[in-house]
Amino acid sequence: MAHATPQGVKLLNGFKRPSRFEKGLGAQLPDAYKKFWREWKLTKPAAVHYIPKESEWERDEVTHAIKPVQNIPLPLIDTPESHQGIWGGEAVIKGFQKRQQTKRRVPHFWVPTLKRSVVHSQVLNEYMSVVVTERTLEQIHECRGFDHYLLKNLACDLRSALALKLKREVLKALQQGCPALAAEPQHQGQVLKEYSPYLESYTTEEIDWYGHTYLEAIRKLQNQLRAAEQVLPHKVEFRSKLINQLREAGIAEAGKIETKDAQPSAEHKDSDIEALTKLESSPSSSSWLSKINPFGKKET
């Protein structure tokens, strides 16, 4: 029956639901954004809420049976507040907790301890007040700077939309030569020498599409498509044709015929509308113009 279906042999292993990048505007997104999406959503992040076991096999303490080791990550919940701060890979954990020995277990949410702190970006030359966790501060100190923390870690480890947006701004600033440090050429050269090696892993298109959520990427693609195909309203097109026909007919109220070499200025932006207004107010042309204008007053 596989040959009788539109999908053919593809249905032999079951029907595959099309992903967001195989239908609609998602299929038109560039490969640069798809690369970022794989790094953000499909790459396995570093273990934060559990300690992974390095060995492949382990012995059970009770039965002494040898069984394979399974490092299964905990399911995490990314709340909207987590994307407004930088939590260092932490998130909300949903589970159960048995608070009394004789009672049933109850649902419980484990939320990381949050604090507000100030971080400094050398590339952007800015101090920012953000909500962070203790792990975020420890990683920033281990990486020896906030910019190194953003540029060294993958998108799956940063997790936060704010951190990804700041990383994109840092990459763009490095690509432009750190314009925020233009007043200090010596310090600007030191910063470029220290952070420029990070640009080797990205192209210009990848930096432009880096750090956007799926909806932001769709809106950006829509804006690009609209800018590439600017549609002229029909009323503007038909009005210009009517004015040109009236000018070719030699009607004085329509104005002079403009040459192709003449460039329109801001003063004559609404010259076509003024010409039509003169025609409507002219007594000589009111008789025949009323026949053309369907919205004009009809004589009884």
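Structure report, in brief. Computed from a predicted structure; not experimentally measured.

This part covers the pattern of salt bridges. One pass over the full model with this rule turns up eight salt bridges. Asp60 serves as the salt-bridge partner of Lys67, at 3.4 Å between the closest nitrogen and oxygen. Owing to a relative accessible area of 35%, Lys67 belongs among the partly exposed residues under this scheme. Between Lys241 and Glu237 there is a salt bridge, with the nearest N and O atoms lying 3.5 Å from each other. Placement of the pair is Lys241 and Glu237 together in helix H9 (residues 234-248), with a separation of four residues, close to one helical turn. The class of Lys241 is partly exposed, set by a relative accessible area of 43%. Judged by its relative accessible area of 29%, Glu237 falls in the partly exposed class.

What follows deals with H9. If you check H9, its first and last C-alpha atoms are 21 Å apart, about what 15 residues at 1.5 Å a residue would give, namely 21 Å. All of the buried residues in H9 are Ile243, Leu246 and Arg247. Mapping the buried residues of H9 onto a view down its axis gives an arc of 100°, with all of them on the same face. Exposed side chains of H9 directed beyond 90 degrees from the buried face belong to His234, Gln245 and Glu248.

Residues Ile77, Phe109 and Val111 make up a contiguous nonpolar surface patch of roughly 270 Å² in combined accessible area. Mapped onto the elements, Val111 comes out in the loop between strand S5 (106-110) and strand S6 (114-121). The exposed category is assigned to Val111, whose relative accessible area is 55%.

The next subject is unusual backbone geometry. Backbone geometry at Arg159 places phi at a positive 65°, although glycine is not the residue there. Looking at the element boundaries, Arg159 is found in the loop between helix H4 (155-158) and helix H5 (161-175). Arg159 sits in the buried class, given a relative accessible area of 17%. Phi at Cys178 takes a positive value of approximately 55°, unusual for a residue other than glycine. With respect to the element layout, Cys178 can be found in the loop between H5 and helix H6 (185-195).

With that settled, the discussion passes to the nonpolar core. Where a protein is soluble and globular, its nonpolar side chains tend to be buried together. Counting residues in hydrophobic clusters, the biggest one holds 43 residues, and the most contacted among them are Leu29, Tyr33, Val123, Phe146, Tyr149 and Leu150. Looking at which element gives the most residues to this core, the answer is H5, with seven residues. The residues touching Phe146, leaving out its near neighbours within four places in the chain, are Ile86, Val119, His120, Ser121, Met128, Ile140 and Leu166.

Conventions we followed
Residues numbered from 1 in each chain as written. Predicted model: local features only at pLDDT ≥ 70, side-chain atom pairs only at ≥ 80, totals over all residues. Heavy atoms only, no water. Salt bridge = Lys/Arg side-chain N within 4 Å of Asp/Glu carboxyl O. Buried < 20%, exposed > 50% of the residue type's maximum accessible area, 1.4 Å probe, protein only. Helix = DSSP H or I, 4+ residues; strand = E, 2+ residues; numbered from the N terminus. Expected span 1.5 Å × (residues − 1). Arc of directions from axis to C-beta. Patch = residues over 30% accessible without salt bridge, like charges linked within 9 Å, V, L, I, M, F, W, Y side chains within 5 Å. Areas by Shrake-Rupley, 256 points an atom, 1.4 Å probe, with all protein chains shown as cover. Core = buried A, V, L, I, M, F, W, Y, C linked by side-chain atoms within 4.5 Å. Contact = heavy atoms within 4.5 Å.

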